[in-house]
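Now for the letters of each chain:
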Amino acid sequence: MQSGNDSFSVLIDCAILKETKGSNNQDNSEHIYKIPTVKIQTYSLKEIKEKHLTLFIPYTILRLRPRLKADLKHPLTQKELTELVEKIIFVLKEELSDGYLTEREYRNYVRLFHFAVDRVLVRHQQMREEIHRMTEPLIKLPSVIEDELRAEIANQKLLLDDKNLELRSKDVEIKNKDAEIQRLKTLVEQLSYDNT
């Protein structure tokens, strides 16, 4: 591995062995390529926010994995974990309010983070439950989203029905005014005919 230009990217040597079968011209050559990669875990939450790399957020929990061992001198505390989750939620909410995320993307990132927590904290039930308590209110179940959409559609239908009723009322009003105009024209014609 060799470092690239960015302190967070790494160039990995990747060997590809080329084999040509069924030919007299067999080429068993090896080709080495340098493939740029990104070490997601090296990005701080601040850098993720500044560069709008919200895709990295579900992976932030992975950097805590080494500190989950109980025999460490300074294992991860519930307070540290809670503070990290609060910061993650804050970043996601800011990205949403600043227009970098849609509501749907926001919910998806919260869900992905939730899933990552389930995997990383599989043996740490108390910590997992605390994060669930913090993130579950942010996650809308598909049935809740569907109910909200149905309610919005019903509301829009009511507004449309009101507009249609208003238009029909205007149509009746216009027809009445047209009839009044026609009556006045007829009256004017009679008066002009009577005066001649």
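Rules behind the numbers
- Residues numbered from 1 in each chain as written.
- Predicted model: local features only at pLDDT ≥ 70, side-chain atom pairs only at ≥ 80, totals over all residues.
- Heavy atoms only, no water.
- Helix = DSSP H or I, 4+ residues; strand = E, 2+ residues; numbered from the N terminus.
- Buried < 20%, exposed > 50% of the residue type's maximum accessible area, 1.4 Å probe, protein only.
- Contact = heavy atoms within 4.5 Å.
- Areas by Shrake-Rupley, 256 points an atom, 1.4 Å probe, with all protein chains shown as cover.
- Expected span 1.5 Å × (residues − 1).
- Patch = residues over 30% accessible without salt bridge, like charges linked within 9 Å, V, L, I, M, F, W, Y side chains within 5 Å.
- Salt bridge = Lys/Arg side-chain N within 4 Å of Asp/Glu carboxyl O.
- Core = buried A, V, L, I, M, F, W, Y, C linked by side-chain atoms within 4.5 Å.
- Axes fitted to C-alpha atoms, helices over the stretch in contact; angles between N-to-C directions.
- Parallel < 35°, antiparallel > 145°, perpendicular 65-115°, else oblique.
- Nonpolar A, V, L, I, M, F, W, Y, C, P; charged D, E, K, R; others polar.
- Phe/Tyr/Trp six-rings, centres within 6.5 Å; stacked < 30°, edge-to-face > 60°.
- pLDDT = per-residue confidence, 0-100.

Here's the deal with the overall build of the chain
1) Next: Along its length, the chain carries 5 helices and 3 strands.
2) Next: Put simply, the chain runs from its N terminus to its C terminus through helices and strands in the order β-β-β-α-α-α-α-α.
3) Next: For the chain, the proportion of its 196 residues judged to be buried stands at 24%.
4) Next: Considering only residue pairs separated by 6 or more positions, the chain has 48% of its internal contacts joining residues 24 or more positions apart.
5) Next: Accessible area for the chain stands at about 14,900 Å²; split by element, carbon and sulfur atoms hold 55% of it.

Considerations on helix α2 (residues 78-97)
Structurally, the α-helix is built with 3.6 residues per turn, so residues lying three or four positions apart point the same way.
1) Next: For α2, which comprises 20 residues, the first-to-last C-alpha distance of 28 Å matches the rise-based estimate of 28 Å (1.5 Å per residue) to within 8%.
2) Next: Among all positions in α2, only L81, T82, L84, V85, I88, I89, V91, L92 and E95 are buried.
3) Next: Taken together, the buried residues of α2 touch α1 (45-50), α3 (103-120) and α4 (125-135).
4) Next: Positive phi shows up at G99, right after α2, with a value of about 90 degrees.

Remarks on a nonpolar patch on the surface
1) Next: On the surface, I16, Y33 and I35 cluster together into a nonpolar patch covering about 270 Å² of accessible area.
2) Next: When its relative accessible area of 41% is taken as the criterion, I16 is described as partly exposed.

Some details on the nonpolar core
1) Next: With 29 residues, the main nonpolar core has I61, L81, I88, L92, F113, L121 and I131 as its most contacted residues.
2) Next: Going through the elements one at a time, α1, α2, α3 and α4 are the ones with two or more residues in this core.
3) Next: Here I131 is in contact with I61, L81, V85, F113, V117 and L121, once residues within four sequence places are set aside.

Considerations on the packing of α3 against α4
1) Next: For the pair α3 and α4, interaxial distance at closest approach is 10 Å and the crossing angle is 170 degrees. It follows from the interaxial angle that α3 and α4 lie roughly antiparallel. Of the residues in α4, those in contact with V110, F113, H114, V117 and D118 of α3 are R128, I131, H132 and T135.
2) Next: The residue makeup of the contact of α3 with α4, split by class, is 4 nonpolar, 3 polar and 2 charged.

Regarding the packing of aromatic side chains
1) Next: Across all of its chains, the model carries 1 aromatic pair by this definition.
2) Next: Plain terms: the ring middles of Y43 and F56 are 5.1 Å apart, the flat faces sit at 70 degrees to each other, and that makes the pair edge-to-face. With Y43 in the loop between β3 (29-38) and α1 and F56 in the loop between α1 and α2, this residue pair connects regions lying 13 residues apart in the sequence.
3) Next: The exposure class of Y43 is buried, given its relative accessible area of 6%.
4) Next: When its relative accessible area of 12% is taken as the criterion, F56 is described as buried.

Comments concerning the confidence of the model for the chain
1) Next: With 87% of its residues at a pLDDT of 70 or more, the chain has an overall mean of 82.
2) Next: Highest mean pLDDT in the chain belongs to α2 (91); lowest belongs to strand β1 (residues 2-3) (39).

Comments concerning the environment of A15
1) Next: Relative to the helices and strands, A15 is located in strand β2 (residues 9-18).
2) Next: Ignoring any residue separated from it by four or fewer positions in sequence, one finds A15 in contact with E30, H31 and I32.

Some words on the pattern of salt bridges
Any two side chains of opposite charge can pair, given that their charged atoms come close.
1) Next: Overall, the coordinates contain 10 salt bridges when judged by the stated rule.
2) Next: The residue E94 makes a salt bridge to K49 at a minimum N-O spacing of 3.4 Å. Note that E94 is positioned in helix α2 and K49 in helix α1, a separation of 45 residues in sequence.
3) Next: We classify E94 as partly exposed; its relative accessible area is 26%.
4) Next: Its relative accessible area of 18% is what places K49 among the buried residues.
5) Next: Of the charged contacts, one joins E103 and R107 as a salt bridge, the two residues approaching to 3.8 Å between their closest N and O atoms. Pair noted here: E103 and R107 are both in helix α3, with a separation of 4 residues, about one helical turn.
6) Next: Exposure remark for R107: the relative accessible area of 11% places this residue in the buried category.

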